[in-house]
Structure formats: structure tokens, C-alpha cells
Amino acid sequence: MNEQRCIYCQGHLELRLVNRLQRYQDRWVMIENLPALVCIQCGEHYYTPQTHDLVVTLITGQPQPERTELVKIYDAAQVTSATESNPSTVKEFIA
Ligand SMILES: [Zn+2]
């Protein structure tokens, strides 16, 4: 039914339910069980316009969140010693 391919690696896309972390009004919100096309090779997520509309409806609209959780936020930039001592390792990791 769907012959779309990943624009990055040309991998097959599969319809899955994913969790999406979204920034909204300076706060993080999590949307669970969001339909997405996921590349089975590299994991890239693709969303349809309908799914995008659904995200907007969920975070700006009437439905109350399913639940609220406290989330620990870490800042990797505050822990720079590892990256400063061996930047080439970091470059490989990112690539
Ligand atoms: Zn891919």
C-alpha cells in the first residue's frame, strides 16, 4: 500500500505508534501512541499532515492530558570534560 522510502537512507517505512516529545510554550509535552511512518533502517520518523493536526489539537485544544509526570531534565553542555578531552570520539558518535 505504501512504497514511500526514507529520504535519508532509502529504507522502508513502516506505520508504527511512537512517542513524541514536543516543545510547547517553553514546556515539554509527551504524546504517546502517535501514528508515524518509521524508517526500519535508520529510525527516522515521518508524520502525515493529519498527524501534525492531531498533535496541534492535543497540545493546544480541549483534551486534558492522560496524566502528568515529573521529568528530570539534564543539560549535557554542563558536563563538558568528556567532550573536551576527546572531541574525535564525539564526532564519530554523532555521525
Ligand atoms: Zn532511513
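Overview of the structure.

Definitions and limits used
Residues numbered from 1 in each chain as written. Predicted model: local features only at pLDDT ≥ 70, side-chain atom pairs only at ≥ 80, totals over all residues. Helix = DSSP H or I, 4+ residues; strand = E, 2+ residues; numbered from the N terminus. Buried ≥ 20, exposed ≤ 12 C-beta atoms within 10 Å, placed from the backbone. Contact = placed C-beta atoms within 7 Å. Pairing = 2+ DSSP bridges. Axes fitted to C-alpha atoms, helices over the stretch in contact; angles between N-to-C directions. Expected span 1.5 Å × (residues − 1).

## Some words on the overall build of the protein chain
Part 1 of the reasoning: Looking only at helices and strands, the protein chain has 3 helices and 3 strands in total.
Part 2 of the reasoning: Mapped in sequence order, the helices and strands of the protein chain form the string β-β-β-α-α-α.
Part 3 of the reasoning: Counting all 95 residues of the protein chain, 2% fall into the buried class.
Part 4 of the reasoning: A fraction of 45% describes how many contacts in the protein chain between residues 6 or more apart in sequence connect residues 24 or more apart.

## Points about the pairing of strand β2 (residues 27-39)
Part 1 of the reasoning: One ladder, built from 11 bridges, connects strand β1 (residues 13-24) with β2; its direction is antiparallel. Within β2, the residue paired with Q22 across the bridge is V29.
Part 2 of the reasoning: Connecting β1 to the antiparallel partner β2 that follows it, the hairpin turn spans 2 residues, and Q25 within it adopts a positive phi of roughly 50°.

## Re the sheet that holds strand β3 (residues 45-46)
Part 1 of the reasoning: Sheet architecture is open: 3 strands sit in the order β1-β2-β3, paired in antiparallel fashion. Two strands lie at the open edges of the sheet, namely β1 and β3, each paired on one side alone.
Part 2 of the reasoning: Contacts from helix α1 (residues 49-60) reach β1 and β2 within the one sheet, and its direction differs from that of β2 by about 160°.

## Focus on α1
Part 1 of the reasoning: Taking 1.5 Å of rise per residue, the 12 residues of α1 would be expected to cover 16 Å, and the 16 Å separating its terminal C-alpha atoms lies within 8% of that figure.
Part 2 of the reasoning: Burial analysis of α1 places just 0 of its 12 residues in the buried class, which makes it a mostly uncovered element.

## Quick notes on the environment of L37
Part 1 of the reasoning: Here L37 shows up in strand β2.
Part 2 of the reasoning: Looking at L37, the number of C-beta atoms within 10 Å reads 19, which means it is partly exposed.
Part 3 of the reasoning: For L37 and V18, which are 19 residues apart along the polypeptide, the C-alpha to C-alpha distance reads 9.2 Å.
Part 4 of the reasoning: Those residues in contact with L37 that sit more than four places away from it in its chain are Q4, L13, E14, L15 and Y46.

That is the geometry; function is a separate question.
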